[in-house]
Amino acid sequence: MDFQLSEDQIMLRDTAREFAEKRLKPVAEELDAKGETPMELIQETAELGFFGLTAPEQYGGLGVDSLSYALIIEEISKACAAHAIMISVHNSLVIKAINNFGTDEQKEKYLPKLAAGEIIGAYSLSEPNAGTDAGSLQCRAIKTGDNYVLNGTKSWVSSAKFAGIFITFVLTNPEAGRKGVSCLIVEKDSPGMQLGVPEKKMGLKASDTREVSYLDGQVPVTQLLGEEEHGLRVAFSLLDAGRIGVSAQALGIAEAAFDEALSYAKEREQFGRPLVDFQATQFKLAEMATRIEASKLMTYRAAFLYDTGARNSKEISMAKLYASQTANYVTNEAVQIHGGYGYVKEYPVERYFRDARVTEIYEGTTEAQKMVISRALIKGDV
Amino acid sequence: MFADSKYADFRKEVREFCEQEIAPLAQQADETQQFPQAALDRLHEKGWWAVFMPKDLGGLGLNAVQYSIIVEEVCRVDGSIGLTVAAHNSLGAGPIYNFGNDDQRRKYLHFGDPQGYLIAFGLTEPQAGSDAGGTKSFADKDGAYYILNGTKCWITSANLCKYAIITARTDKSGGVKGISSFVLEKGMDGFSVGKKEDKMGCRGSDTAFLHFDDVKVPEENRIGSEGEGFRQFMITLDGGRISIAAMALGLAVGAFEIASKYAKKRIQFGRPIGDFQAIQWKLADMACQIEAARGLVYGASQLKDDGEKFTQQSAMAKLYASEVCNFCTSTALTVLGAEGFTSRYPVERMFRDMKLTEIGEGTSEIQRVVIAREILKNTQL
C-alpha cells in the first residue's frame, strides 16, 4: 500500500489549508453567530476553483480525484464546517448529478457556471415524511404540456437561500411507488416555488437550511435529469460521493477539536501543573488521536476506492459511520478538557461540538449507514 | 423501591406545575438568553427559592428527596430554570443556612418577603477550576472590614442575584485552610458583574463573572470562622452534586419521553420507526440507564436525609446521571433524525443543556477523582 499523497494532492490540500486558516478560521465564530455566509467568501472560494472540484476540465472544473476532494473538505472543515457542507453538496451531489446523468445541453448550460461558482447548487431529496426512507417521497410532478407541475415540500435544503439550481426529486408516477420517482433541475425563482424560513439548527449555523415548497410549480420538461422514473437511481448513485464529503468533514471537525484540546491541555494549569501531566488527560488525548487516525485512514481509503470504480459502498458507509462517531466523541472530550471554557463561545470547541452532531444525521444517519453495511455483509458482498 | 416512590402524589403535583408554568417559558428563554421574570415570580409564590428552608424563614422545609424531585421535574421541561433552582437552593442559600449564624440567616434568607430573590455561589476562578483550592481572590483584614479583590467565573444568576456567597483567601500563606467565605450584597462598592456568557446550552440561565475591586466587606458578612470556607464549600458541593444529578436525570427523562412518542408516530418504510429493532434497542438502553441513574440520585438523596455521609454517593450519582444524560439526549436526537438537530423539538435544547451537567459543579473527571479518593480512603488492607 502506498500512503504517500501526490504532489498535486499536497498542493490542493495546502491551498485549502491556507484559505481555511487565513479567511475562514478568523470569522467562523462570527458567521456561526450571524447564521450566514457572506457572498465575498463564496466568491473567494469560487476563485480557488473549489466549486468545480468534481467538474471535468472541459467545463472549467478542476476534475480532481476523490482523495484530493476529501483533503480539501477536511481542511475547510477544520476552520468552518458550515462552509465545507456548501462545497460538498455543490460538488458531490449537484455537479456529479448533472455530469453523470445530464444531456450535453444540460451539461453545457450548467456545469461551467457551477464550476465557476457563478451559481451554487442545492440538493432536494428529503421531505417531511421521507427521511431515511427517501423512496417514499410525495412531492408530485404532473406533466402538463411543456411543463411539470410540482406540488409538495422538500426539507433540509442546504444553501437554498442563494442557490441557482435545485436538484429535486419528485414523484411522476405514484402507481409505481418508489420506482415512479424522477429527478429535475429546478432553477431558482421558478413559478410556484417558495423558500421557507431558515431552520433554527443546533450547529452548522452559517449554512443556510430551509424547506422548499411548490404550489403548482412550473418546471419545463427539458429540465428532467436522466430518464423519467429513474430518479432514485440518480439519488442512490450520488450517496457514496456525498458520504465521502461528510466523512471528510467529520474528520476535519475532529482534528480541529483535537488540536484545540491538545494546546489547551498544555497551557492550562491546575493543581500546579499543566493538564497534560495528568494521566487521565493523557489517555483521553491518546484515545482521541487514535480514533482520528482510524477515521482518516478509512476516509482516505474510501475516497481512493471510489475512484477505482470497484464496489465500495460498504467501505464508504463504514468511513462515514466511523468518522462521524469519532467527530462526536472527540468534540465531546475536547469540551470536557476545556471544562467551563468549553461551554462558552470564546473557545471554538463549543462550535465544533454543535457542528459534529449533524455528521451523524445527514447524507444518511448512522442507522442508515448500518443498513448499507449490514446488507452488504449479509449478501456476502464483502 | 426507590426513596422517591412514596412521594408519587408530590411528584404529580410538581409535574403539573412544571408543565403548565415552566415548559411554556423554555424556548424563549433559550433563544433570548433571558431568565424569565415569570419563572422568578411563580417559583417564589411556589416557595421553590426556599425548598430546604424552615417555615419561619418562608421556606417549605422539604427534604432532599423532595428537592431532587423538584429539580428533576423542572429539568424535564427546562434545564435553564432547573439549573437556576439548583444553584440557588443548594449552593446559594444552603451554606448560609448551614454555616451562618442566626443574624445572617435572618438577614439573607428572608424568603417570606413578597419579592423573590436569588443567591449566587462563587467558588471557581479563571485559574482555579477543577483545582478549586487554588483560589486567588484575597480578603485583606482591615479593622472591622475585609478589603476584597479578585474574580469568580461561571457564576449562575450573577446578574439576577441579590446576594452572593463567595470564597476568598484570608491567609496569604496558601493552602485550603487559608480560605474563608463571605456574603456579598449587590450594590457594595467595587462589586461588579462581567458580561453575560454566551453559552452552548442552559442559555436561559444567567451566567457571568463577578469582579471584586477593593470591596469593603464587613466582618459580620463572613460565614463561620476564618479558614473554614473551603470545607464549607466542599460540603455544600456534596449536596449540590445531587441536584446536578437530578438535573441530568430530568433532561434525560424529558428527551427519552419525546423520543418514545416520536418513535411511535413517525412512519418510515411504511411503519412506525418504533417497529424497527434498532430503534427499539435505543429506547430499551435509554430506559435502563435512566432507571439506574434514578436509583443513584434518590439513593444519594435518601442518604442525605438520613444524615449519613454521602460524598461518594453524590459524586457517583452526578457522574453517572450526567453521562446517562449525554447518552439519552444524544440518542433521542438520533431517533428524531434531522428534526432533532433543529429547535422544532426541545431535544435539541436538552442536548445542549446536557453538556453543562458533565462540567458544572465538578467535571466528570473530578467526580472520578472524588470517588476514587473515597474508595482508597475506605479500603482496608
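Source: prediction; values computed, not measured.

K.L.:
Provide a residue-level description of the overall build of chain B, including the pertinent values.
P.N.:
Scanning chain B from N- to C-terminus turns up 11 helices and 10 strands. A compact globule built from 381 residues would reach a C-alpha radius of gyration of about 21 Å, and chain B, at 21 Å, matches this within 12%. The principal-axis extents of the C-alpha atoms in chain B amount to approximately 80 × 55 × 40 Å. Across the 381 residues that make up chain B, the buried fraction comes to 60%. Counted over contacts in chain B with a minimum sequence separation of 6, partners at least 24 positions apart contribute 74%. Counting 44 positive and 49 negative side-chain charges, chain B places the averaged centre of each group 3 Å from the other.

K.L.:
I'd like a rundown of the pattern of salt bridges, residues and numbers included.
P.N.:
Residue and element names in this part refer to chain A. For the structure on display, the rule yields 52 salt bridges over all chains. Of the charged contacts in the structure, one is a salt bridge between Lys 109 and Glu 187, with a shortest N-O distance of 3.2 Å. Residue Lys 109 is found in helix α6 (residues 104–115), and its partner Glu 187 is found in strand β5 (residues 181–187); the two are separated by 78 residues along the sequence.

K.L.:
Summarise the domain arrangement of chain A; cite the residues concerned and give the values.
P.N.:
All names here are of chain A. You can read the domains of chain A as domain 1 (7–120), domain 2 (122–230) and domain 3 (233–378). Measuring from the centre of the C-alpha atoms in domain 1 to the corresponding centre in domain 3 gives 21 Å. With 25 residues of domain 1 at the contact, the number on the domain 3 side is 29 residues. Between domain 1 and domain 3, a total of about 2200 Å² is buried, with carbon and sulfur atoms accounting for 61% of that surface. Three residues, Glu 74, Lys 78 and Phe 101, lead the burial of domain 1 against domain 3; their summed loss comes to 23% of the area buried on that side. Summed over the shared surface of domain 1 and domain 3, the number is one salt bridge. A salt bridge links Arg 354 to Asp 32; the shortest N-O distance between them is 2.8 Å. Where domain 1 touches domain 3, the interface holds five residue pairs in polar contact (both at pLDDT 80 or more).

K.L.:
Give a detailed account of the nonpolar core, specifying residues and quantitative values.
P.N.:
Ranked by size, the top nonpolar core spans 195 residues in total, and within it Ile 167 and Phe 169 of chain A together with Trp 48 of chain B carry the most contacts. Looking at which element gives the most residues to this core, the answer is helix α7 (residues 231–267) of chain A, with 18 residues. The next biggest cluster of nonpolar side chains, apart from the first, holds 23 residues, and it includes Leu 57, Ile 96, Phe 99 and Phe 121 of chain B.

K.L.:
An account of the packing of helix α3 (residues 39–47) of chain A against helix α5 (residues 81–101) of chain A is needed here, citing residue identities and associated values.
P.N.:
All names here are of chain A. Between α3 and α5, the least distance of the axes is 12 Å, while the angle of their chain directions is 55°. Comparing their axes, α5 and α3 come out oblique. Where α3 crosses over α5, the two elements pack in a sense that is right-handed. In this structure, α3 uses Leu 41, Ile 42 and Thr 45 to contact α5, whose residues at the interface are His 83, Met 86 and Ile 87. Here the contact of α3 with α5 is composed, by residue class, of four nonpolar, two polar and no charged.

Cut-offs used in this document
- Residues numbered from 1 in each chain as written.
- Chains lettered and ligands numbered in written order.
- Predicted model: local features only at pLDDT ≥ 70, side-chain atom pairs only at ≥ 80, totals over all residues.
- Heavy atoms only, no water.
- Helix = DSSP H or I, 4+ residues; strand = E, 2+ residues; numbered from the N terminus.
- Rg over C-alpha atoms; globule rule 2.2 N^0.38 Å.
- Buried < 20%, exposed > 50% of the residue type's maximum accessible area, 1.4 Å probe, protein only.
- Contact = heavy atoms within 4.5 Å.
- Lys, Arg positive; Asp, Glu negative; His and termini not counted.
- Charge placed at Lys NZ, Arg CZ, Asp CG, Glu CD.
- Salt bridge = Lys/Arg side-chain N within 4 Å of Asp/Glu carboxyl O.
- Domains from an automatic or database assignment.
- Buried area = accessible area lost by both parts, 1.4 Å probe.
- Polar contact = N/O pair within 3.5 Å; in protein donor to acceptor, adjacent residues only side chain to side chain.
- Core = buried A, V, L, I, M, F, W, Y, C linked by side-chain atoms within 4.5 Å.
- Axes fitted to C-alpha atoms, helices over the stretch in contact; angles between N-to-C directions.
- Parallel < 35°, antiparallel > 145°, perpendicular 65-115°, else oblique.
- Left-handed = near helix turned anticlockwise from the far one by under 90°.
- Nonpolar A, V, L, I, M, F, W, Y, C, P; charged D, E, K, R; others polar.

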